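Remarks on the overall topology
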Amino acid sequence: MSSNLRASANSDRRVILPLPGNEIFARRLVEAGRWELGALETRRFPDGETYVRVLSDVADRPVYLVCTLARPDDGFLRLVFAADAVRALGAREVALIAPYLSYMRQDRRFQLGEAITSKTFARLLSSSFDRLVTVDPHLHRYSALAELYTIPTLTLHAAPLLADWIAAEIERPLVIGPDEESEQWVSAIANRIGAPYAVLRKVRHGDRSVDVELPDLSQWKAHRPILIDDIASSGHTLIEAARKLPLGGFQRPLCAVVHGVFADDSYQRLKALADRIVSSDSIPHESNAVRLAPLIAGAIASAEESQEDIIRHRRPPEPLDEVERAGLDSFPASDAPPWTAGR
């Protein structure tokens, strides 16, 4: 192969660039997509500000930053700085893979003066990236991410993966959803594996106060109860359901969720009531059992094959100045720097 052909092939190869804490997920993406793993250097200055340096060659290449956006406030500026740095270095495309997408719940103004943070956050991400890939965002009053984001978005669903895990690991499952709104999602999972299903009635009194009412499940007592949800944040719904199922004559349930946020001590409280807790790896956690990287890599490859260019490029790459041409190593910023279908 000639040097020109090698250069062309290299420029088409996607660079997967993990933000701190996302390295394992990024490596799995690279393995699934046969892409190239990039590297960032980040640290804190003494005054608390963030230092970001891109260590990989990204010029004229598509770059996907990988960053789960659980607990986003601590790392959002670092993510935006990295996106700008990659673009300034001449990346052809700057995209974000966020297995978990935050700031989706505040989708209306409930009290006078409240910020509708879902809209603000979407505007900020749309201004920094050319496209977004995520899994099961918490769409409630929005029918699609396109109502919020001005960049192309790829929304993937983990329900089939949860269903396949349950089918492989659990005999005679009874799939149980957290509320009436989950019935379509729960029924799709149950139908995929040929299992019965039921949904609970949830009465929410606030962010951390939830009552759960169980329907008559007596005909399914010989089955293994599997509580499923798309997200476990405060965990109160799952905790209440897990507490009540044994009172109805069932064995301790297994809990399966897509996004395991598990705020505060919710995981420990649920673990005391459940036989096992399983989550996808959208958020790194000890409960991770379902890997999303193959799903994401396959979807990106399929989208790339089916559409030539639907990317909204935020702005063209910036030319290198004299200092940058001289080499980044020669100009340190400070001291030597020591990442369902069926729903």
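Residues numbered from 1 in each chain as written. Predicted model: local features only at pLDDT ≥ 70, side-chain atom pairs only at ≥ 80, totals over all residues. Heavy atoms only, no water.

Before going further, it helps to spend a moment on the overall build of the protein. The number of helices and strands found in the protein is 10 helices and 16 strands. Every one of the 343 residues in the protein was classed for burial, and the buried ones make up 48%. For the protein, the accessible surface area stands at approximately 17,000 Å², while carbon and sulfur atoms represent 48% of it. (Helix = DSSP H or I, 4+ residues; strand = E, 2+ residues; numbered from the N terminus. Buried < 20%, exposed > 50% of the residue type's maximum accessible area, 1.4 Å probe, protein only. Areas by Shrake-Rupley, 256 points an atom, 1.4 Å probe, with all protein chains shown as cover.)

Right, let's get into the pattern of salt bridges. Throughout the structure, instances matching the rule amount to 12 salt bridges. When the shortest N-O distance is used, the salt bridge between Arg53 and Glu41 registers 3.8 Å. Residue Arg53 is found in strand S4 (residues 50–54), and its partner Glu41 is found in strand S3 (residues 40–44); the two are separated by 12 residues along the sequence. In this structure Glu41 comes out as buried when scored by relative accessible area, which is 14%. (Salt bridge = Lys/Arg side-chain N within 4 Å of Asp/Glu carboxyl O.)

The phi angle at Arg34 is positive, at roughly 55 degrees, despite the residue not being glycine. Here Arg34 falls in the exposed class, since its relative accessible area comes to 72%. The backbone of Asp136 shows a phi angle near 45 degrees, a positive value even though the residue is not glycine. Along the polypeptide, Asp136 turns up in the loop between strand S7 (131–135) and strand S8 (153–156). The exposure class of Asp136 is buried, given its relative accessible area of 2%.

Taken in spatial order, the six strands make up an open sheet running S2-S1-S5-S6-S7-S8, and their pairing is parallel. Each having just a single partner strand, strand S2 (36–37) and S8 make up the two edges of the open sheet. Bridge count for strand S6 (residues 93–98) against S7 is four bridges, and the pairing is parallel. Bridge pairing links Ala98 to Thr134 in S7. Of the strands in this sheet, strand S1 (15–18), S2, strand S5 (62–66) and S6 touch helix H2 (residues 23–33), which is tilted by about 165 degrees from S1. (Pairing = 2+ DSSP bridges. Contact = heavy atoms within 4.5 Å. Axes fitted to C-alpha atoms, helices over the stretch in contact; angles between N-to-C directions.)

Our next topic: the packing of aromatic side chains. For any pair of aromatic rings, geometry is given as the distance between the ring centres together with the angle between the planes. Summed over all chains, the structure comprises four aromatic pairs. Plain terms: the ring middles of Phe45 and Tyr51 are 5.9 Å apart, the flat faces sit at 85 degrees to each other, and that makes the pair edge-to-face. For the pair Tyr103 and Phe121, a centre-to-centre distance of 5.0 Å together with 45 degrees between the ring planes defines the contact as tilted. Of the two residues, Tyr103 is situated in the loop between S6 and helix H4 (117–128) and Phe121 in helix H4; the sequence distance between them amounts to 18 residues. Aromatic rings pair up to connect Phe76, Tyr103 and Phe121 into one cluster. (Phe/Tyr/Trp six-rings, centres within 6.5 Å; stacked < 30°, edge-to-face > 60°.)

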